[in-house]
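# Survey of secondary and tertiary structure
The residues making up each chain are set out below.
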Amino acid sequence: MNVLVAGGAGFIGSHLCDRLIADGHHIIVADKLIFGDQNIRHLFSDKNPSETGTVKFYQIELAKQREVDRLFAENSIDAVYHMAANSDIQKGGKEPSIDFNDTFLTTRTILEGMRKAKVKNLFFASTSAVYGEIPDVKLKETTGDIKPISYYGGAKLASEAFISSYTSMCDMNVVIFRFPNVIGPRLTHGAVFDFINKLRKTPHELEILGDGTQCKPYIYVLDLIEAIIKLTSNFKQGEEIFNISVESKGTSVTRIAEIVVDVMKLTNVTFQYTGEDRGWKGDVPKFSYDISKILSTGWKPQYTSDEAVRQTVEDIIKAGIYL
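Please read all numbers here as calculations on a predicted model, not as lab measurements.

With respect to the helices and strands, V221 occurs in helix 7 (residues 221-231). Among the residues examined, V221 registers a relative accessible area of 0% and is labelled buried. On a C-alpha basis, the gap between V221 and L187 in space is 9.4 Å, while along the polypeptide they are 34 residues apart. Beyond its immediate sequence surroundings of up to four residues, V221 is in contact with F11, I12, H15, V182, I183, G184 and P185.

Laid out in structure tokens, this is it:
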């Protein structure tokens, strides 16, 4: 199958590319390389026996319709995995245009490109941020009265609405995953990544944004990829939305700090909290997912939230990737 992975050089997108190639698909990677090409460089290595005729790369601005139309015109595409977005909610919170451009407009241009080229199959990476802040409620895919509190969540929810309309108007086959916090190899931001970098600079003191009680589910990226592949192996007509997460409870920010300190084998570390119940405006400090729908498909995560955090710390330290 010929597959377009929009945002394929990013953290999650690059892992998806690895898996799609391993499964024998021909992939077209489209990315503007905000974080560089280090995540996909190995795909074009002389040591990669599956490179010839398997991987094609476009460095393009996916928010520009002309560039996206050219991509579809030059390739026969069977399915699109839309992973392109601003991945850093805190960064987007400082400048709304980032999410409007990188998160919403990329969706609009890709949908238009698909419509013109008559491509029917789409996977879309959405987020828990579309729900906004609904405390003490186990969030289901059908939970109503959702109000995003970040520009990122708003752009993703707007994207979902556009996808829904295109699905109906163009008879598309769509799978949407609403991700929680995704971590693992190639991670570039977030509490796990930040704590490691802070402790490398000041090994006896760690600043923690908020009061440390913020608690969210963390899913290991390879568990996520397994679910994406399973649910898109046979696209069905219409639109399906899935919450995806771990079965265990989430991991608090303080617990993340404790795991990082333990794996780094540090002692006498003092935690300094900035206060308040969240790290920044737009952050949802706590949420809980109902994942019974995706579990009913037979998929099951291999890592708990705490295990995902510990494995990610080990991954980052082993890779030596720091700021």
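More follows now that the structure is in view.
Here the focus is the packing of aromatic side chains. Centre-to-centre distance and the angle between the planes together describe a pair of aromatic rings. Across all of its chains, the model carries 10 aromatic pairs by this definition. An angle of 75 degrees between the planes, with centres 6.0 Å apart, marks the rings of Y131 and Y289 as edge-to-face. Of the two residues, Y131 is situated in the loop between strand 5 (121-127) and strand 6 (138-139) and Y289 in strand 15 (residues 288-289); the sequence distance between them amounts to 158 residues. Residue Y289 is classed as buried on the basis of its relative accessible area of 6%. Within the aromatic cluster, the residues linked to one another by ring pairs are Y81, F123, F177, F235 and F242. In this arrangement the basic side chain of K293 is found over the ring face of F242, its NZ or CZ atom lying 4.8 Å from the centre.

A few words now on the sheet that holds strand 12 (residues 238-243). As a general point, the strands of a sheet are linked pairwise by backbone hydrogen bonds and lie either parallel or antiparallel. Strand order in the open sheet formed by 7 strands is 3-2-1-4-5-7-12, and the pairing between neighbours is parallel. Pairing within the sheet leaves two strands with one partner each, and these edge strands are strand 3 (55-59) and strand 12. Here the average twist between neighbouring strands, direction ignored, is 15 degrees. One ladder, built from 4 bridges, connects strand 4 (residues 79-82) with strand 5; its direction is parallel. What sits directly across from Y81, in strand 5, is F123.

Ranked by size, the top nonpolar core spans 68 residues in total, and within it F177, F179 and I228 carry the most contacts. Residues within four places of F179 in sequence aside, it is in contact with I12, M83, F123, A125, S126, T127, S128, L224, I228, I244 and Y289.

The tally for this structure, following the rule as stated, stands at 19 salt bridges. R255 serves as the salt-bridge partner of D306, at 3.6 Å between the closest nitrogen and oxygen. One end of the pair, D306, is in helix 10 (residues 305-319); the other, R255, is in helix 8 (residues 253-263), and 51 residues separate them in sequence. One salt bridge in this structure joins D277 and R278, with 3.0 Å as the shortest N-O distance. In this structure D277 comes out as partly exposed when scored by relative accessible area, which is 37%.

With that settled, the discussion passes to the side chain of T103. With respect to the element layout, T103 can be found in helix 4 (residues 96-117). The buried category is assigned to T103, whose relative accessible area is 0%. Of note is the side chain of T103, whose polar atom sits 3.2 Å from the backbone nitrogen of N86. There is a polar contact of 2.9 Å between the side chain of T103 and the side chain of D99. When neighbours within four sequence positions are excluded, T103 is seen to be in contact with A85, N86, I98, Y152, A155, K156 and S159.

Quick look at helix 7 now. Helix 7 sits mainly inside the fold: 8 of its 11 residues count as buried. Restricting attention to buried positions, one finds in helix 7 the residues V221, D223, L224, I225, A227, I228, I229 and L231.

Let us now look at the environment of L71. Within the fold, L71 resides in helix 2 (residues 65-74). Placed 47 residues apart in sequence, L71 and G24 show a C-alpha to C-alpha distance of 21 Å. Excluding anything up to four places from it in sequence, L71 contacts L4, I28, A30, Y58, I60 and I77.

Procedures and definitions
Residues numbered from 1 in each chain as written. Predicted model: local features only at pLDDT ≥ 70, side-chain atom pairs only at ≥ 80, totals over all residues. Heavy atoms only, no water. Helix = DSSP H or I, 4+ residues; strand = E, 2+ residues; numbered from the N terminus. Buried < 20%, exposed > 50% of the residue type's maximum accessible area, 1.4 Å probe, protein only. Contact = heavy atoms within 4.5 Å. Phe/Tyr/Trp six-rings, centres within 6.5 Å; stacked < 30°, edge-to-face > 60°. Lys NZ or Arg CZ within 6 Å of the ring centre and 35° of its normal. Pairing = 2+ DSSP bridges. Axes fitted to C-alpha atoms, helices over the stretch in contact; angles between N-to-C directions. Core = buried A, V, L, I, M, F, W, Y, C linked by side-chain atoms within 4.5 Å. Salt bridge = Lys/Arg side-chain N within 4 Å of Asp/Glu carboxyl O. Polar contact = N/O pair within 3.5 Å; in protein donor to acceptor, adjacent residues only side chain to side chain.

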